[in-house]
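# Analysis of the macromolecular model
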Amino acid sequence: MKLLIAAIGRAQRGPERDLYEHYAARIRWPLALRELEEKRKLPPVQMIQRESELLLEAAPAKAVLVALDRRGKVLDSEAFAGQLGRWRDDSVSDIAFLIGGADGHPESLLKRAALVVSFGAMTWPHLLARAMLAEQLYRAQQLLAGHPYHRA
């Protein structure tokens, strides 16, 4: 199972990038980060649509899409790990996690996603969301392996 995190915006060196890399290095599933951005200044509605196109173009053709969005489901770590385990057991080859820009995802992308996940009601910086996702992917890996990293 190959994992892709496709994210709008480019992370410079700093603590958020370091934290992402710390957890990404621990994940045994193949993991790639694709940072995307639209350089043109577009009106907000057009920008959201263009960012959606960039994210979908970055995802492998048959990938299971997981959108990170404030309107999504709030899952605990066990439920998140369980979903990844089911996809693994169903021989899903690619999962693409999509992190939108400052204005989020359009409804059309959310409808295409197999799962829409929220990290809660609070607003999180996009760079921190990458690190949080990497940590949860690592935690899911450890849960599925029966490792004691996670404490219920």
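Presented here is a report on the structure given in the accompanying data block. Computed from a predicted structure; not experimentally measured. (Residues numbered from 1 in each chain as written. Predicted model: local features only at pLDDT ≥ 70, side-chain atom pairs only at ≥ 80, totals over all residues. Heavy atoms only, no water.)

To continue, consider the layout of surface pockets. Its boundaries defined by the atoms lining it, the largest pocket holds a volume of some 410 Å³. If you go around the largest pocket, you meet 21 residues; those closest to its centre are Leu68, Asp69, Arg70, Trp124 and His126. Among the elements of the structure, strand 3 (64-74), strand 5 (115-118) and helix 5 (126-144) are those that each provide at least two residues to the lining of the largest pocket. Among the elements that line the lining of the largest pocket, the one with the most residues is strand 3, at four residues. Class assignment of the residues belonging to the lining of the largest pocket gives a composition of nine nonpolar, eight polar and four charged. (1 Å grid on protein atoms, 1.4 Å probe; cavity = no way out; pocket = protein on both sides within 12 Å on 5 of 7 lines; lining within 4 Å. Points joined across faces, edges and corners; volume = space filled by probe spheres on them. Helix = DSSP H or I, 4+ residues; strand = E, 2+ residues; numbered from the N terminus. Nonpolar A, V, L, I, M, F, W, Y, C, P; charged D, E, K, R; others polar.)

Another aspect to go through is the packing of aromatic side chains. Applying the stated rule across the entire model yields two aromatic pairs. Consider the rings of tyrosine 23 and tyrosine 138, whose centres lie 6.3 Å apart with planes at 40°: the pair is tilted. Here tyrosine 23, found in helix 1 (residues 15-24), pairs with tyrosine 138, found in helix 5; they are 115 residues apart in sequence, far enough to count as distant. Per residue, the accessibility class of tyrosine 23 equals that of tyrosine 138, and both read buried. Between phenylalanine 80 and phenylalanine 97, the aromatic rings sit 6.3 Å apart at their centres with planes inclined by 50°, giving tilted as the arrangement. Of this pair, phenylalanine 80 sits in helix 3 (residues 77-89) while phenylalanine 97 sits in strand 4 (residues 94-99); the two residues are 17 residues apart in sequence, bridging distant segments of the chain. Phenylalanine 97 carries the same exposure label as phenylalanine 80, and that label is buried. (Phe/Tyr/Trp six-rings, centres within 6.5 Å; stacked < 30°, edge-to-face > 60°. Buried < 20%, exposed > 50% of the residue type's maximum accessible area, 1.4 Å probe, protein only.)

Here we come to the pairing of strand 4. Among the six residues in strand 4, six count as buried, and that is most of the element. Where burial is concerned, the two faces of strand 4 agree: the one with Asp94, Ala96 and Leu98 and the one with Ile95, Phe97 and Ile99 are both buried. Inspection of the sheet shows strand 1 (residues 2-8) paired to strand 4 by six bridges, in the parallel sense. Residue pairing for strand 4: alanine 6 is matched across the bridge by leucine 98. Alignment of strand 3 against strand 4, held across five bridges, turns out to be parallel. Bridge pairing in strand 4 places alanine 67 opposite leucine 98. (Pairing = 2+ DSSP bridges.)

Turning our attention to the packing of helix 1 against helix 5. Where helix 1 contacts helix 5, the axes come no closer than 8 Å and their chain directions differ by 15°. Relative to helix 5, the element helix 1 is oriented roughly parallel. Considering the relative orientation of helix 1 and helix 5, their crossing is left-handed. Mapping the contact onto sequence places Glu16, Leu19, Tyr20, Tyr23 and Ala24 in helix 1 and Leu127, Leu128, Arg130, Ala131, Ala134, Glu135 and Tyr138 in helix 5. When grouped by side-chain class, the residues that make up the contact of helix 1 with helix 5 number nine nonpolar, no polar and three charged. (Axes fitted to C-alpha atoms, helices over the stretch in contact; angles between N-to-C directions. Parallel < 35°, antiparallel > 145°, perpendicular 65-115°, else oblique. Left-handed = near helix turned anticlockwise from the far one by under 90°. Contact = heavy atoms within 4.5 Å.)

On to the pairing of strand 1, then. Across the seven residues that make up strand 1, a large majority, six, are buried. Considered for its hand, the β-α-β crossover made up of strand 1, helix 1 and strand 2 (residues 31-36) is right-handed. (Right-handed = clockwise from strand over helix to strand, strands pointing away.)

Any functional reading would require information beyond the geometric quantities listed.
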